[in-house]
Amino acid sequence: WEELLRDSGNRSMKEIHTDIGLGKRIAAVVARRLLAKDGALGEEQPQLSTVTIRGTEGMAIQLAPCCQPIPGDPIVGSIRKGQGLVVHAHDCPQIRKSRSSEPQKWIDVEWQPAEGKLFEARIRVTARNARGVLAKMAAAIAEAGSNIENVSMEEKTPGIYTTLQFTLQVASRIHLAQVMRSLRHIQEVVRLARVRGE
């Protein structure tokens, strides 16, 4: 408990219990940390080493804006005072140093399938300037079952290429791949990539 209090920044066990009650902490995560400190997490108990999340359980879990993980992305979590469990993509460059220098502060988490839940994902598309190309892209995105939340444009090479950045609503990494595949079939699209970070 003392080590958990020191790592979490709480002053007492009562504060941790209060945070759990208010939804600022996840009981399963706290229990896992305590078991890990006691050495009770052995090879024979792999089910305790991973916390399953749906993605938006309220205040207790936040998806990190630096890497914007979506279901299907490998993810890890870290407990932050006042924020609960902050979930990052496994390869997020923002956490690389912390994961190697303080591995005890990180836990493996995985997605639990959640029907009907949508997550924001951003993509950057470079296309040849042609009449109706934006309409073709919007139609391809809609046909793939996604919704456009935001779009911005910048002309890279005036008169030749335009780069568009879309913020889309997708259900998972697989869904995002389907949207991107639909866009690749458009003749004018020359480059396409997922964008992470703010």
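Residues numbered from 1 in each chain as written. Predicted model: local features only at pLDDT ≥ 70, side-chain atom pairs only at ≥ 80, totals over all residues. Heavy atoms only, no water.

Attention now moves to the pattern of salt bridges. Counted according to the given criterion, the structure contains 5 salt bridges. Note that R196 is salt-bridged to D73, the shortest N-O span being 3.7 Å. Placement of the pair is R196 in the segment after β9 (189-195) and D73 in the loop between β2 (61-63) and β3 (75-80), with a sequence separation of 123 residues. On the basis of relative accessible area, R196 is assigned to the partly exposed category, the value being 33%. Counted as one network, the salt bridges with shared partners bring together D73, D91, R173, R194 and R196. (Salt bridge = Lys/Arg side-chain N within 4 Å of Asp/Glu carboxyl O. Helix = DSSP H or I, 4+ residues; strand = E, 2+ residues; numbered from the N terminus. Buried < 20%, exposed > 50% of the residue type's maximum accessible area, 1.4 Å probe, protein only.)

In this section: the nonpolar core. Within the largest apolar cluster, 31 residues are counted, with the highest numbers of intra-cluster contacts made by I123, M137 and L183. In terms of nonpolar packing, the next biggest core, distinct from the first, is built from 9 residues, V86, A89, I95 and W106 among them. (Core = buried A, V, L, I, M, F, W, Y, C linked by side-chain atoms within 4.5 Å.)

Where helix α5 (residues 133-143) is concerned, the buried positions are V133, M137, A140 and I141. Taken around the axis of α5, the buried residues stretch over an arc of 100°, which confines them to a single face. Seen from the open side of α5, the exposed residues pointing more than 90 degrees away from its buried face are A135, A142 and E143. Two residues or fewer past α5, G145 is found with a positive phi of approximately 85°. (Arc of directions from axis to C-beta.)

This next bit is on the environment of P158. With respect to the helices and strands, the residue P158 is situated in the loop between β7 (147-157) and β8 (161-170). C-alpha separation for the pair P158 and N129, spaced 29 residues apart in sequence, amounts to 8.9 Å.

A few words on the environment of L85. Examined against the element boundaries, L85 turns out to sit in strand β4 (residues 84-89). What makes L85 buried here is its relative accessible area of 2%. L85 sits 21 residues away from W106 along the chain, and the two C-alpha atoms are 9.8 Å apart.

What follows concerns a nonpolar patch on the surface. Where nonpolar side chains cluster on the molecular surface, the patch consists of L134, V151 and M153 and spans about 250 Å² of accessible area. Relative to the elements of secondary structure, L134 occurs in helix α5. (Patch = residues over 30% accessible without salt bridge, like charges linked within 9 Å, V, L, I, M, F, W, Y side chains within 5 Å. Areas by Shrake-Rupley, 256 points an atom, 1.4 Å probe, with all protein chains shown as cover.)

Let us now look at the packing of aromatic side chains. Evaluated as defined, the whole model comprises 1 aromatic pair. Here the aromatic rings of W111 and F119 are separated by 5.7 Å at their centres, their planes lie at 75°, and the arrangement is edge-to-face. For the pair W111 and F119, one class covers both residues: buried. (Phe/Tyr/Trp six-rings, centres within 6.5 Å; stacked < 30°, edge-to-face > 60°.)

With that out of the way, let us pick up the pairing of strand β6 (residues 119-128). Burial of β6 is extensive: 7 of the 10 residues sit out of reach of the surface. Two elements, β6 and β8, share 10 bridges in a ladder whose sense is antiparallel. When the sheet's bridge partners are listed, R122 is paired in β8 with T167. Sheet topology note: the β6/β9 ladder contains 6 bridges and is antiparallel. (Pairing = 2+ DSSP bridges.)

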